[in-house]
Each structure stands twice: as structure tokens, then as C-alpha cells.
Amino acid sequence: MNFLAHLFLAGDEEALRLGALLGDFVRGREALAAYPEPVREGIRMHRHIDAFIDTLPDFERLRSGFEPPFRRYAGIIIDLGLDHELARRWPEYSNRSLPAFDAGVRRMLARNTALVPDGLARFMRYADRRGLFATYASADEIMHSLRGVGRRLSRPNPLHRVAEIWPDVQPRMAAAFAPLLRSVQSELDEWRKSRSTITGS
């Protein structure tokens, strides 16, 4: 799952939400140790979600449905595709509008500038220019994001051509979205219980 889903799954606690956003930008134990414990917990949660979703049969079916040359990059396409589905269905999952949620993310980052690494700061400048995360509901924005990811990868890749297969893969991602989200939410409930037991002992 990508940025929007991780932010949504983190819930309303600011430290967890900040950690959820930092998850792709903080690598290794030494880097993790630089953050307050509640933020570290959000980073761990992000990592747990990423590891867990890879084990789900619904996710594997989605990934295996991609044909070469896209199959190698299926994980990237699915991550952004699931964010697209969440953005499209946002009113089903939140009483707060997506633009309001988006604005809240900006305020959270402004309150925590000292904890924001350069990579995330650069991404958020890009996000501000593009109107992310609210514009993830647009398929055109997802295509733009995938082209950008493709340009940053070191080897030639087909991410600039995903629009060619989108009419085929988007309905499959749409059908898989709700079951995947329920599985992740259920797993997170158990993960939180296990973490509270550890920290409370």
C-alpha cells in the first residue's frame, strides 16, 4: 500500500500517523533510533503492513495477473492502484472529506518539521504541487505518479506505459481492494494488541 493507505490505517494518533508517512524514508535500526518512541511505533506499523500484505493470497493473485514486462513492477502499480481505490471510495471509510484529511497531513508535518527527513520533504513539495493526496482519486494522477517513479528507477522500465493496461488491471484492483483492506485492518488490530501487551509488561 502507498502513502494514503498507510496514513489512513494509522488512525487518529499523530505520532503513529507521522511514523506511517516516514516508513518509506527511514531505513535501518540506527535511523529508527533517532525518532521518539511513538513515532518509531508508526514506522514499525508501516513495515508490518508492507510485510503482511505481501503474504495475502488476494495480493498474490493480483500480482501474478500482470503480464511481462509489467509483472516485475506489479507491486509498484498495485500500491498506487490501491491508493487510487481508497481515494475513490473515501466517503465509505471516513466522515472527514479527503481534502480535509489531506490538509491535516500538511499541518501535522508543519508541527513536526524537525523530524521530517530530506527525502520526505522533497516528496511533500512535489505532493503540494500536484495536490496529493486528494488527487489520487484521478486515474490520470496515478499515471503521472507511475511515470515519475519510472523515471527515478535506475533501469529501463514500462511504468510510463501503465495506461495501456489500466482498463484491464484497474477493475481487478477495485474488486480486490475491500477484502485486502479488511485483512490488513484485522491484522493491525491483532498487531496493536500484541504491541500493547509488550509495552505494558
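Structure's up top.
Attention here is on the structure that accompanies the text. (Residues numbered from 1 in each chain as written. Predicted model: local features only at pLDDT ≥ 70, side-chain atom pairs only at ≥ 80, totals over all residues. Heavy atoms only, no water.)

With respect to the packing of aromatic side chains
Here's step 1: If you walk through the whole model with that rule in mind, you get 10 aromatic pairs.
Here's step 2: Centre to centre, the rings of F3 and F133 are 6.2 Å apart; their planes meet at 45°, and the pair counts as tilted. Remark: F133 occurs in the loop between helix 9 (118–130) and helix 10 (139–152) and F3 occurs in helix 1 (residues 3–9); sequence separation between them is 130 residues.
Here's step 3: F133 sits in the buried class, given a relative accessible area of 1%.
Here's step 4: Members of the aromatic cluster, each reached through a chain of ring pairs, are F3, F25, F123, Y126, F133 and Y136.
Here's step 5: Taking the ring centre of F66 as reference, the NZ or CZ of R172 above it sits at 5.7 Å. (Phe/Tyr/Trp six-rings, centres within 6.5 Å; stacked < 30°, edge-to-face > 60°. Helix = DSSP H or I, 4+ residues; strand = E, 2+ residues; numbered from the N terminus. Buried < 20%, exposed > 50% of the residue type's maximum accessible area, 1.4 Å probe, protein only. Lys NZ or Arg CZ within 6 Å of the ring centre and 35° of its normal.)

What about the nonpolar core?
Here's step 1: Within the largest apolar cluster, 68 residues are counted, with the highest numbers of intra-cluster contacts made by L4, L21, L109, F123, F133, Y136 and V162.
Here's step 2: The biggest single contributor to this core is helix 11 (residues 162–200), with 12 residues.
Here's step 3: If near-sequence neighbours (up to four positions away) are discounted, L109 is found in contact with L18, L21, V116, L120 and M124. (Core = buried A, V, L, I, M, F, W, Y, C linked by side-chain atoms within 4.5 Å. Contact = heavy atoms within 4.5 Å.)

A short note on unusual backbone geometry
Here's step 1: In this chain, P68 is followed by P69 through a cis amide linkage whose omega measures 5°.
Here's step 2: Mapped onto the elements, P69 comes out in the loop between helix 5 (57–64) and helix 6 (74–88).
Here's step 3: L132 connects to F133 through a cis peptide bond whose omega is 15°.

Looking at the side chain of Q170
Here's step 1: Along the chain, the position of Q170 falls in helix 11.
Here's step 2: Judged by relative accessible area, Q170 falls into the buried class, the value being 18%.
Here's step 3: A polar side-chain atom of Q170 sits 2.7 Å from a polar atom in the side chain of E85.
Here's step 4: What Q170 contacts, discounting residues up to four positions off in sequence, is E85 and R88. (Polar contact = N/O pair within 3.5 Å; in protein donor to acceptor, adjacent residues only side chain to side chain.)

A few points about the pattern of salt bridges
Here's step 1: Considering all chains together, one arrives at 16 salt bridges under this definition.
Here's step 2: Across the salt bridge formed by D12 and R17, the nearest N and O atoms sit 3.5 Å from each other.
Here's step 3: Residue classification places D12 among the exposed residues on the basis of a relative accessible area of 73%.
Here's step 4: Among the ionic pairs, D58 bridges to R61, the shortest N-O distance being 2.3 Å. Separated by 3 residues within a single helix, D58 and R61 lie in helix 5, roughly one turn from each other. (Salt bridge = Lys/Arg side-chain N within 4 Å of Asp/Glu carboxyl O.)

Overview of the packing of helix 2 (residues 14–22) against helix 4 (residues 37–53)
Here's step 1: Where helix 2 contacts helix 4, the two axes come as close as 7 Å, and the packing angle between them is 50°. For the element pair helix 2 / helix 4, the angle class is oblique. The crossing of helix 2 and helix 4 is right-handed. Facing A15, L16, L18, G19, A20 and L22 of helix 2, the residues of helix 4 in contact are P38, V39, E41, G42, I43, M45 and H46.
Here's step 2: Of the residues contributing to the contact of helix 2 with helix 4, the split by class is 9 nonpolar, 3 polar and 1 charged. (Axes fitted to C-alpha atoms, helices over the stretch in contact; angles between N-to-C directions. Parallel < 35°, antiparallel > 145°, perpendicular 65-115°, else oblique. Left-handed = near helix turned anticlockwise from the far one by under 90°. Nonpolar A, V, L, I, M, F, W, Y, C, P; charged D, E, K, R; others polar.)

Some thoughts on the packing of helix 6 against helix 10
Here's step 1: Running from N to C, helix 6 and helix 10 point in directions that differ by 150°, and their axes come no closer than 10 Å. Between helix 6 and helix 10, the crossing angle belongs to the class labelled roughly antiparallel. Remark: the crossing between helix 6 and helix 10 carries right-handed chirality. In this structure, helix 6 uses I76, I77, L80 and H84 to contact helix 10, whose residues at the interface are A139, I142, S145, L146 and V149.

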